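Analysis of the macromolecular model
Residue-level listing of the chains:
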Amino acid sequence: KAIRCFIDRRVGSLSSGTIVYQGLSLDRCARPDILSVSDTLSMSRKNIIIYGGSFSPPHIGHMIAIETALRHAPHIDELWILPSSDRLDKQIGVSGDHRVAMLGIMLEEFFPTPEKPITISTLELDRPGLTTTHATLLELQQVYPDYTFHFLIGADLLRHIRNTWVNGKKLWDAAHFIALRDLGDDVPVELPTHIQMVSDDMAWVGVSSTFVRSLVSRGFPGTPYIHNRVAVYIKTHYLYGTKKGRV
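Now for a quick tour of the structure. (Residues numbered from 1 in each chain as written. Predicted model: local features only at pLDDT ≥ 70, side-chain atom pairs only at ≥ 80, totals over all residues. Heavy atoms only, no water.)

Further remarks concern helix H8 (residues 209-217). Considered for burial, the residues of H8 that qualify are Ser209, Val212, Leu215 and Val216. Taken end-on, H8 shows its buried residues confined to a sector of 120°, consistent with a single buried face. Where H8 is buried, its residues touch helix H2 (60-72) and helix H9 (228-237). With its phi angle positive at about 95°, glycine 219 sits one or two positions after the end of H8. (Buried < 20%, exposed > 50% of the residue type's maximum accessible area, 1.4 Å probe, protein only. Helix = DSSP H or I, 4+ residues; strand = E, 2+ residues; numbered from the N terminus. Arc of directions from axis to C-beta. Contact = heavy atoms within 4.5 Å.)

Put into structure tokens, the structure is as follows:
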């Protein structure tokens with residue numbers, strides 16, 4: 001099975017970024033290896049997990065979420081990771097290219113031979129303007145009308161979708177969710193129309209990208225919360241306040 005780089009050819013240009021394709025690290029996305037829109041539209045109906053986030057940087061908690069979702073949702077055919085551009089509530093500050101590169105490293109290390117295809121998609125990075133989940137859903141449905149998309153989220157976000165997310169009420173009614181619930185998560189009584197809640201047979205690691213960035217900015221490598229290769233990448237590219245010789 002392949003970990004692929006997906007870039008939407010409709011925009012007429014290819015984004016850059018280190019990716020992993022069948023275990024091979026590439027500095028740029030090579031045209032023959034890219035899954036095009038026409039390729040995917042010719043495939044049969046599929047169920048796809050969409051895992052969005054800033055991934056700045058990607059850490060062990062993200063990898064655990066991927067493993068848990070795929071194990072608890074055997075009907076899923078693929079998982080697509082969508083690094084986001086800036087959002088209304090968050091200015092990310094690190095380029096999409098760097099975040100795609102770090103995701104590629106983490107996937108190569110933690111999922112060298114995934115049973116289901118895992119794809120890094122630049123759909124949100126390539127879209128002009130701020131990222132919203134509702135806009136992503138509409139674009140995915142337009143391009144892949146035969147696919148069903150399941151958004152992988154933490155169950156704690158269920159309290160915010162309808163009231164604070166852009167077009168949250170529409171998303172609540174129309175989207176499919178896979179929600180990972182920690183024992184301490186306070187979830188609403190009323191749940192989205194289409195949801196799979198996962199609350200057992202999973203490990204929960206209370207680590208965040210904010211925590212990792214804080215460690216790195218204070219001169220710590222960030223391991224074991226990130227892979228050592230990601231720590232080296234961060235040092236090499238002087239990300240998150242890292243200075244030469246500090247990490």
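Among the surface-exposed residues, Leu88, Leu130 and Val166 lie close enough to one another that they form a single nonpolar patch of about 270 Å² accessible area. In this structure, leucine 88 sits in the loop between strand S5 (78-83) and helix H3 (96-110). Leucine 88 sits in the exposed class, given a relative accessible area of 64%. (Patch = residues over 30% accessible without salt bridge, like charges linked within 9 Å, V, L, I, M, F, W, Y side chains within 5 Å. Areas by Shrake-Rupley, 256 points an atom, 1.4 Å probe, with all protein chains shown as cover. Salt bridge = Lys/Arg side-chain N within 4 Å of Asp/Glu carboxyl O.)

Another aspect to go through is the packing of H2 against H3. H3 packs onto H2 with a crossing angle of 55° between their chain directions and a minimal axis gap of 11 Å. Taken together, H2 and H3 sit at an angle that is classed as oblique. Relative to H3, H2 is oriented so that their crossing is right-handed. Residues Ile60, Met63 and Ile66 of H2 lie in contact with H3, whose contacting residues are Met106, Leu107 and Phe110. (Axes fitted to C-alpha atoms, helices over the stretch in contact; angles between N-to-C directions. Parallel < 35°, antiparallel > 145°, perpendicular 65-115°, else oblique. Left-handed = near helix turned anticlockwise from the far one by under 90°.)

We now examine the layout of surface pockets. Taken as a whole, the largest pocket encloses approximately 1300 Å³ of empty space. Taken together, 45 residues line the largest pocket, and the ones lying closest to its centre are Gly52, Gly53, Arg87, Gly154 and Leu157. Here the residues of the lining of the largest pocket are counted per class, giving 19 nonpolar, 19 polar and seven charged. Here the second largest pocket defines a volume of roughly 160 Å³. Forming the boundary of the second largest pocket are Glu67, Leu70, Arg71, Phe111, Pro114, Glu115, Lys116 and Ile118. It is H2 that provides the largest number of residues to the lining of the second largest pocket, a total of three residues. By residue class, the composition of the lining of the second largest pocket is four nonpolar, no polar and four charged. (1 Å grid on protein atoms, 1.4 Å probe; cavity = no way out; pocket = protein on both sides within 12 Å on 5 of 7 lines; lining within 4 Å. Points joined across faces, edges and corners; volume = space filled by probe spheres on them. Nonpolar A, V, L, I, M, F, W, Y, C, P; charged D, E, K, R; others polar.)

A separate point is the packing of aromatic side chains. Enumeration over the complete set of coordinates arrives at nine aromatic pairs. On the basis of an interplanar angle of 75° and a centroid distance of 5.4 Å, the ring pair of tryptophan 80 and tyrosine 144 is categorised as edge-to-face. Taken together, the residues tryptophan 80 in strand S5 and tyrosine 144 in the loop between helix H5 (133-143) and strand S7 (148-154) connect sequence positions 64 residues apart. By relative accessible area, which is 2% here, tryptophan 80 ends up buried. According to the relative accessible area criterion, tyrosine 144 is buried, its value standing at 2%. Measuring from ring centre to ring centre gives 6.5 Å for phenylalanine 151 and phenylalanine 177, while their planes differ by 45°; the resulting arrangement is tilted. Here the residue phenylalanine 151 occupies a position in strand S7, and phenylalanine 177 occupies one in strand S8 (residues 176-180), the gap between them amounting to 26 residues. Accessibility assignment for this pair places phenylalanine 151 and phenylalanine 177 in one class, buried. Among the aromatic residues, those joined into a cluster by ring pairs are Trp80, Tyr144, Tyr147 and Phe149. Across from the ring centre of tryptophan 172, 4.3 Å away, lies the NZ or CZ of arginine 162, which sits over that ring. (Phe/Tyr/Trp six-rings, centres within 6.5 Å; stacked < 30°, edge-to-face > 60°. Lys NZ or Arg CZ within 6 Å of the ring centre and 35° of its normal.)

Turning to the pattern of salt bridges, a few remarks are in order. Under the defined criterion, the tally for this structure stands at seven salt bridges. With its nearest N and O atoms 2.9 Å apart, the salt bridge here joins aspartate 201 to arginine 71. Residue aspartate 201 is located in the loop between strand S9 (194-198) and H8, and its partner arginine 71 is located in helix H2; the two are separated by 130 residues in the primary sequence. Assessed through its relative accessible area of 55%, aspartate 201 is described here as exposed. Classification of arginine 71 as partly exposed rests on a relative accessible area of 37%. Ionic pairing is found between glutamate 108 and arginine 229, a salt bridge with its closest N-O pair at 2.8 Å. Of this pair, glutamate 108 sits in helix H3 while arginine 229 sits in helix H9; the two residues are 121 residues apart in sequence, bridging distant segments of the chain.

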